[in-house]
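Close look at the chain arrangement
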Amino acid sequence: GAGVSQSPRYKVAKRGQDVALRCDPISGHVSLFWYQQALGQGPEFLTYFQNEAQLDKSGLPSDRFFAERPEGSVSTLKIQRTQQEDSAVYLCASSLRVGQPQHFGDGTRLSIL
Amino acid sequence: DQQVKQNSPSLSVQEGRISILNCDYTNSMFDYFLWYKKYPAEGPTFLISISSIKDKNEDGRFTVFLNKSAKHLSLHIVPSQPGDSAVYFCAASARNYGGSQGNLIFGKGTKLSVKP
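Before going into details, it helps to say that this report is about the structure given with it. Within every chain, residues take consecutive numbers counted from 1 along the sequence as written. Here chains are named by letter from A upward and ligands by number from 1 upward, in the order in which they appear as written. Since the coordinates come from a predicted model, pLDDT governs what is reported: local features require at least 70, and pairs of side-chain atoms require 80 or more to be given and counted, while whole-chain, interface and lining totals use all residues. Calculation of side-chain values draws on the structure's entire complement of heavy atoms; hydrogens and water are dropped beforehand.

1. Digging into the overall build of chain A
Put simply, DSSP marks the helices as runs of H or I at least four residues long and the strands as runs of E at least two long, and each gets a number from the N terminus on. The helix and strand tally for chain A stands at zero helices and 11 strands. For a compact globule the rule gives 2.2 Å times the number of residues to the power 0.38, and the radius of gyration it is set against comes from C-alpha atoms. A compact globule built from 113 residues would reach a C-alpha radius of gyration of about 13 Å, and chain A, at 13 Å, matches this within 12%. Referenced to the eigenvectors of the C-alpha coordinate spread, the extents of chain A come out at roughly 35 × 25 × 25 Å. Taken across its 113 residues, chain A has 47% of its residues classed as buried. Considering only intrachain contacts with a sequence separation of at least 6, the fraction spanning at least 24 residues in chain A is 52%. In these tables, accessible area is a Shrake-Rupley quantity obtained with a 1.4 Å probe, and a residue counts as shielded only by the protein chains included in the view. Put simply, chain A shows about 5,600 Å² of open surface, and 45% of that area lies on carbon and sulfur atoms. Within chain A, one finds 12 positive and 11 negative side-chain charges whose respective centroids are separated by 5 Å. Any residue under 20% of the maximum accessible area for its type is buried, any over 50% is exposed, and the rest in between are partly exposed; the area is computed with a 1.4 Å probe on protein chains only. Any pair of residues with heavy atoms lying within 4.5 Å of one another is described as a contacting pair. Asp and Glu count as negative and Lys and Arg as positive, but His and the ends of the chain are not part of the count. Lys charges are placed at NZ, Arg charges at CZ, Asp charges at CG and Glu charges at CD.

2. As for the sheet that holds strand E8 (residues 72-77) of chain B
All names here are of chain B. Read from one edge to the other, the open sheet built from five strands follows the order E1-E3-E8-E7-E6, with strand pairing classed as antiparallel. Each edge of the open sheet carries a strand with a single partner, namely strand E1 (4-5) and strand E6 (56-59). Pairing geometry for E6 and strand E7 (residues 62-67), over four bridges, is antiparallel. Across the sheet, the residue bridging to Asn57 is Val64, located in E7. In this description, strands pair whenever DSSP reports at least two bridges between them.

3. Here we look at the interface of chain A and chain B
Listed as interface residues are 23 residues of chain A and, on the opposing side, 18 residues of chain B. By buried area we mean the combined loss of accessible area, with a 1.4 Å probe, across both parts when two parts are placed together. Interface area for chain A against chain B, summed over the two sides, is near 1,600 Å², with a carbon-plus-sulfur share of 58%. Here, a salt bridge means any Lys or Arg side-chain nitrogen found within 4 Å of an Asp or Glu carboxyl oxygen. Here chain A is connected to chain B by zero salt bridges. Contacts described as polar in this section are N or O atom pairs within 3.5 Å, which, within protein, must combine one atom able to donate a hydrogen with one able to accept it, while residues neighboring in sequence count only if both atoms come from side chains. In this assembly, chain A and chain B are joined by four residue pairs in polar contact (both at pLDDT 80 or more). For the side of chain A that touches chain B, the secondary-structure elements that each account for two or more residues are strand E4 (31-37), strand E5 (44-50), strand E6 (53-56) and strand E10 (103-104) of chain A.

4. Focus: the side chain of Gln37(A)
With respect to the helices and strands, Gln37(A) occurs in strand E4. The exposure class of Gln37(A) is buried, given its relative accessible area of 9%. Separated by 2.8 Å, the side chain of Gln37(A) and the backbone oxygen of Gln41(A) make a polar contact. Those residues in contact with Gln37(A) that sit more than four places away from it in its chain are Gly42(A), Pro43(A), Ala88(A), Val89(A), Leu91(A), Lys38(B) and Phe89(B).

5. Concerning unusual backbone geometry
Here the amide bond leading from Ser7(A) into Pro8(A) is cis, since omega sits at -10°, within 30 degrees of zero. Pro79(B) follows Val78(B) through a cis peptide bond whose omega is -10°. Tracing the chain through its elements places Pro79(B) in the loop between E8 and strand E9 (86-93). Of note in this structure, Asn51(A) is not a glycine but carries a positive phi near 55°. By the element assignment, Asn51(A) lies in the loop between E5 and E6. With phi around 50°, Lys71(B) is a residue other than glycine that occupies positive phi space.

Structure, rendered in structure tokens:
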């Protein structure tokens, strides 16, 4: 597709379960970002990839959060032992390179019961 | 401490009139600013951007103004249309400073309602 694709759109999990969120960026985009958006707030940065290299993970809230982009295209954000405060919309964005406008997917709404 | 602030949670404008959305920032290292539009259940859509070397950028009905001395930017939409009703986010990044990867710092958004 032409845009950033994220799946699943909605995910409900019980507290303590592991979840995996997928992002398929725009073809050819080198830079990939993950953001977390809580209700009524703007997106907050989690982590950044340039191709397959994770260059910045300073926004990840805890070591339960892990992201990868092994072949420099599709990325997966994994959350282990989920907690209620992990409930949020997780947005993925890609850009042609650093410094260019980022284009967002529609996000995954994660609800932890 | 919020580095990007949108102090108006909401704005209501009549169709055909001008909409002005405001944004303030505190970090003088920011050198690139963007506006995004967001409909419910969708991701933010890029609207327009401006580099800190400019004070104005225009794209059709959308114009962004940057006042670096005041650390303030605004988005003007003229004329406003009912389809412009959405939440607008201001975002900033520090593209050209060592260690920055261009990640965006967002404001909390302003909900614009354009009434027919």
